[in-house]
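# Results of the structural survey
The primary structure of each chain is shown beneath.
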Amino acid sequence: MTEHPLAIIVLAAGQGTRMKSSLPKLLHPLAGMPVVSHVLATARELGAEHIVTVVRHERDRLVAVVEAELPESIIVDQDEIPGTGRAVEQAVAALPADFTGDVLVINGDVPLLDAATLASFIAAHRADGAAATVLSAMPEDPTGYGRIIRSANGEFDRIVEQKDATPDELAVGEVNAGVYLFGASALRDQLANLTTDNAQGEKYLTDVIQLLRAAGSEVSAVPVSEPWIVAGINDRAQLSEAALKLNALIVRGWQLAGVTVQDPATTWIDLKAKLAADVTLLPGTQILGSTVVATGSTIGPDTTLLDCEIGENVTVRRTDGTLAVVDAGATVGPFSFLRPGTHLCADGKIGAFVETKNATIGEGSKVPHLSYVGDAVIGVHSNIGAGTIFANYDGVNKHHSVVGSYVRTGSHNVFVAPITIGDGAYSGAGTVVRKSVPAGALAINVAPQRNMDGWVEANRPGTDAANAASESGD
Ligand code: UD1
Ligand code: CA
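Attention in this report is confined to the structure presented alongside it. Every chain is numbered independently, its residues counted from 1 as its sequence is written. A letter from A marks each chain and a number from 1 marks each ligand, given out in the order of writing. Where local features are concerned, this predicted model is filtered to residues with pLDDT of at least 70; where side-chain atom pairs are given and counted, the filter is 80 or more; whole-chain, interface and lining totals use all residues. Hydrogens and water molecules were not included; the side-chain quantities draw on all heavy atoms of the structure.

Now for the overall build of the chain. When helices and strands are counted, the chain shows 10 helices and 37 strands. To get the radius of gyration, use the C-alpha atoms; to get the globule rule, take the number of residues to the power 0.38 and multiply by 2.2 Å. The C-alpha radius of gyration computed for the chain amounts to 32 Å, which surpasses the reference 23 Å derived for 474 residues by more than 25%, pointing to a less compact arrangement than a globule. For the chain, the C-alpha atoms occupy an extent of roughly 110 × 55 × 45 Å along the three principal directions. For the chain, buried positions account for 47% of its 474 residues. Whether two residues touch is decided by their heavy atoms; if any such pair falls within 4.5 Å, the residues are in contact. Restricting the contact set of the chain to residue pairs at least 6 apart, pairs at least 24 apart contribute 41%. Using a 1.4 Å probe, accessible areas were evaluated by the Shrake-Rupley method; residue-level cover was limited to the displayed protein chains. Total accessible area computed for the chain in this model is approximately 21,700 Å², and 52% of it derives from carbon and sulfur atoms. Positive: Lys, Arg. Negative: Asp, Glu. His and the chain ends are not part of the count. Note that the charge is assigned to NZ on lysines, CZ on arginines, CG on aspartates and CD on glutamates. If the 33 positive side-chain charges of the chain are averaged to one point and the 54 negative ones to another, these points end up 6 Å apart. The helix count covers DSSP runs of H or I at least four residues long, the strand count covers runs of E at least two residues long, and both are numbered beginning at the N terminus. In this scheme, a residue with accessible area under 20% of its type's maximum is buried, one over 50% is exposed, and one in between is partly exposed, where area comes from a 1.4 Å probe on protein chains only.

Further remarks concern the coordination of the calcium ion (ligand 2). Only N, O and S atoms count as donors, using a 2.8 Å limit from the metal and a wider 3.2 Å limit for Na, K and Ca, and since water is excluded some coordination spheres may look unfilled. Protein-derived ligands of the calcium ion (ligand 2) are Asp109 (OD) and Asn234 (OD1), with the metal-ligand distances lying across 2.2 to 2.4 Å. Note that Asp109 is positioned in the loop between strand E6 (102–107) and helix H4 (115–128) and Asn234 in the loop between strand E11 (219–223) and helix H8 (236–256), a separation of 125 residues in sequence. Here Asn234 falls in the buried class, since its relative accessible area comes to 12%.

For the purposes of this analysis, a disulfide is any pair of cysteine sulfur atoms at a distance within 2.5 Å. Tallying each qualifying case throughout the model produces zero disulfides. Cysteine Cys308 is unpaired, with the sulfur of Cys345 as its nearest cysteine sulfur at 15 Å. Owing to a relative accessible area of 13%, Cys345 belongs among the buried residues under this scheme.

Attention now goes to a nonpolar patch on the surface. Where nonpolar side chains cluster on the molecular surface, the patch consists of Tyr426, Leu442, Ile444 and Val446 and spans about 410 Å² of accessible area. Tracing the backbone through its elements, the reader meets Leu442 in strand E37 (residues 442–443). Here, patches come from residues exposed beyond 30% relative accessible area and free of salt bridges, joined within 9 Å for like charges and within 5 Å for nonpolar side chains (Val, Leu, Ile, Met, Phe, Trp, Tyr). Here, a salt bridge means any side-chain nitrogen of Lys or Arg that lies within 4 Å of a carboxyl oxygen of Asp or Glu.

All right, on to the layout of surface pockets then. Using a 1 Å grid laid over the protein atoms alone, points where a 1.4 Å probe fits but cannot get out form a cavity; open sets with protein on both sides within 12 Å along at least 5 of 7 lines form a pocket; any residue with an atom within 4 Å of a point counts as lining. Grid points are joined across faces, edges and corners, and a volume is the space filled by probe spheres set on the points. The calculated volume of the largest pocket comes to roughly 1,100 Å³. Taken together, 42 residues form the lining of the largest pocket, with Arg18, Thr84, Asp109, Glu202 and Asn234 sitting closest to its centre. Listing elements by their share of the lining of the largest pocket, those giving two or more residues are strand E1 (6–12), helix H3 (84–93) and strand E10 (175–183). No other element matches the four residues that E10 contributes to the lining of the largest pocket. In this classification, the charged set is Asp, Glu, Lys and Arg, the nonpolar set is Ala, Val, Leu, Ile, Met, Phe, Trp, Tyr, Cys and Pro, and all remaining amino acids, among them Gly, are polar. Broken down by class, the residue content of the lining of the largest pocket amounts to 14 nonpolar, 19 polar and nine charged. As a volume, the second largest pocket reaches approximately 480 Å³. Looking at the second largest pocket, it is lined by 15 residues, and the ones nearest its centre are Pro139, Glu140, Asp141, Ala231 and Glu241. Residue composition of the lining of the second largest pocket, grouped by class: seven nonpolar, three polar and five charged. Domain segmentation is taken from an automatic or database assignment of domains. Residues lining the lining of the second largest pocket come from more than one domain, with at least three contributed by each of domain 1 (6–230) and domain 2 (236–443).

Next up on the list: the packing of helix H6 (residues 184–191) against helix H7 (residues 207–214). Here H6 crosses H7 at 100°, and the two axes come no closer than 10 Å. Taken as axis vectors, H6 and H7 run roughly perpendicular relative to one another. Seen from H6, the contacting residues are Ala186, Leu187, Gln190 and Leu191; seen from H7, they are Val208, Leu211 and Leu212. Tallied by class, the residues present in the contact of H6 with H7 amount to six nonpolar, one polar and no charged. Only the contacting stretch of a helix is used when fitting its axis, a line to C-alpha atoms as for every element, and angles between N-to-C directions run 0 to 180 degrees. Any angle that falls under 35 degrees is termed roughly parallel, while one over 145 is termed roughly antiparallel, one within 65 to 115 roughly perpendicular, and all others oblique.

Residues in close proximity to ligand 1 total 25 residues, the closest being Gln78, Gly83, Thr84, Glu161 and Asn176. The definition of a polar contact used here is a pair of N or O atoms within 3.5 Å, where within protein one atom must be able to donate a hydrogen and the other to accept one, and adjacent residues in sequence count solely through side-chain atom pairs. Backbone polar atom of Leu11 to an oxygen atom of ligand 1: 2.8 Å apart, as the coordinates give it. At 2.7 Å from an oxygen atom of ligand 1 is found a main-chain nitrogen or oxygen belonging to Gly83. Here ligand 1 loses 91% of its free accessible area of 760 Å² to cover by the protein chains. Its atoms largely coinciding with the cavity grid, ligand 1 occupies the largest pocket. Of all the elements in the fold, those that place two or more residues in the shell around ligand 1 are E1, H3 and E10. The element best represented in the shell around ligand 1 is E10, accounting for four residues. Looking at the shell around ligand 1 residue by residue, the classes come out as 10 nonpolar, 11 polar and four charged. Any residue with a heavy atom lying within 4 Å of a molecule or strand is counted as near it. Think of it this way: a molecule belongs to a cavity or pocket when more than half its atoms come within 2 Å of the grid points there.

This is how it looks when you write it as C-alpha cells:
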C-alpha cells in the first residue's frame with residue numbers, strides 16, 4: 001500500500017443515445033481503438049490499487065473490451081437505477097470495505113484525457129486537502145456539459161446539468177469535465193443521500209458535490225490547461241472532432257520522431273501504428289491498425305494500409321492493403337489491392353491494377369500489370385505476364401497454385417488451380433494453364449490462328465475498314 005492508495009472508477013454503463021447507433025457509443029473507433037479503450041489505457045498508466053469499470057448497456061460487448069484491455073479491472077453491473085451517481089455508488093460498494101484512499105472517477109466517453117493530466121490533477125487534490133476535487137474546462141461551446149456554478153466570492157458551489165439549468169446558468173462557460181477525485185469515506189457518506197429528483201430522473205454524481213458542501217466539506221475545481229483534453233464524446237460530431245484532434249497529435253508526434261508527413265490534414269495514423277525515422281507519408285494516406293513501416297519507405301499518395309508490415313525502402317503508391325507483408329526494396333502500386341495473406345518478398349513488384357490474396361510472391365518476382373493472384377506461391381525472380389488470373393475458385397472450393405522460380409509466363413494467362421508450374425518454365429500469351437507445367441517447358445494451348453484473306457472487303461464492303469484494306473495494296 002502506498003501512502004495514498006488510489007482506486008479508479010471508469011463509468012461505462014450509459015446508453016449513449018445521442019450517438020444514434022446500434023454500436024455502443026463507447027465502442028465506436030477512435031484512432032483504431034474503441035473510445036473506452038483509450039480511457040482504460042490511461043487508467044492502467046496511473047498504477048491504481050483498484051480499478052472498477054461499471055457497465056450495463058450492451059454489457060457483454062463492453063466487458064469483452066475491458067477484459068482485453070484491462071483484465072485487472074473489477075467489473076460492476078449497474079442496476080436499473082440510472083445515472084452516474086448510481087454507477088459510482090455500486091462501484092464503491094465493490095471496493096474493499098476498509099478502503100479509505102482516494103477515488104478517481106473518470107467517464108468512459110472522455111478519451112483524450114491523458115495520464116499526465118490526471119497525475120497532476122491527483123497531485124493538486126492532495127496538495128489542497130479538499131474532500132473532493134473536480135476537473136473543469138472552458139470549452140468553446142459548453143452545450144451539453146454540466147456547468148460549474150460558483151458563489152459570488154468565486155468559490156465552487158455546485159454543478160448544474162444542462163437539462164436542469166436556468167438560462168443564467170446556461171450562460172456559464174466553465175463546465176464539469178467529468179473527472180472527480182473524492183476521499184473514499186466522504187464519497188461513501190454522500191452517495192447514500194443522492195436522489196433522482198431532477199430533469200432526467202437519474203442519480204447524478206454531480207450532486208455529491210453539493211451534498212459535500214452542505215455537510216461542510218471543502219470542494220475545489222481545478223481547470224484543465226486546454227479544453228480539448230476533456231472533450232466528451234456524446235454524438236458523432238464530437239467523435240469526429242476528437243478524432244481530428246487526436247490525429248493531429250499523433251501526426252505531430254511522428255513528425256518529431258523523424259517521419260516526413262507532407263500533408264498532416266489528409267494523413268491519418270492510428271494510435272497503434274509504428275513508423276520508423278525517414279519514412280515518408282504522401283497526401284491522402286491512412287496508416288491504420290497495427291501497421292508497421294520500416295525506415296526509408298514512402299507510402300502514398302492515396303494509400304490505406306490496415307495491419308500491414310512494410311519493410312525498409314519500400315514504395316507503396318495509391319494502394320489499399322490489409323494484413324499484407326511487403327519486404328525490403330519492393331514496390332507496390334499504383335492502384336494495387338493487397339488482401340490478407342499477401343507476402344511480397346524483397347525487391348518484388350506488385351503493379352497497376354493487381355489484386356493479391358493469400359499469395360507469396362518470391363524475392364525479385366514481379367506481377368506488374370492487371371492481374372489477380374490468389375492462393376498461390378510464386379518462387380524467386382519470376383515474371384507473371386500482364387492480365388493473368390489465378391483461377392483459384394471452382395465455385396465451391398478454393399485451390400492452391402505453385403509457380404517456381406525464374407518462370408516467365410505470357411500475357412493474358414489463366415492458371416486454373418490447383419496447378420504447379422516448374423522452375424524456369426514459360427507459357428505463351430493467352431494460355432489457359434489447366435495442367436501442371438514441368439520445369440523448363442513452354443506451355444501453350446491456344447488454337448492455331450487462321451486468317452481469312454479478303455474477308456472484310458467481301459463482307460463489309462464500302463466501310464472505312466474495307467476501303468483502307470483495298471488501298472493498302474496488300
Ligand atoms: C456528465 C456529467 C456532466 C459533465 C459531462 C462531462 C453527470 C450527471 N453529468 O454528463 O456534468 O459535464 O459528463 O463529459 O454526471 N454512465 C454510467 N451510468 C449511467 C449513466 C452514464 O456509467 O447511468 C456513464 C456513461 O457511459 C459515460 C459517463 O457515465 O461514460 C457520462 O455519462 P453521459 O450520459 O455521457 O453524461 P453527460 O450527459 O455527458
Ligand atoms: Ca458524456
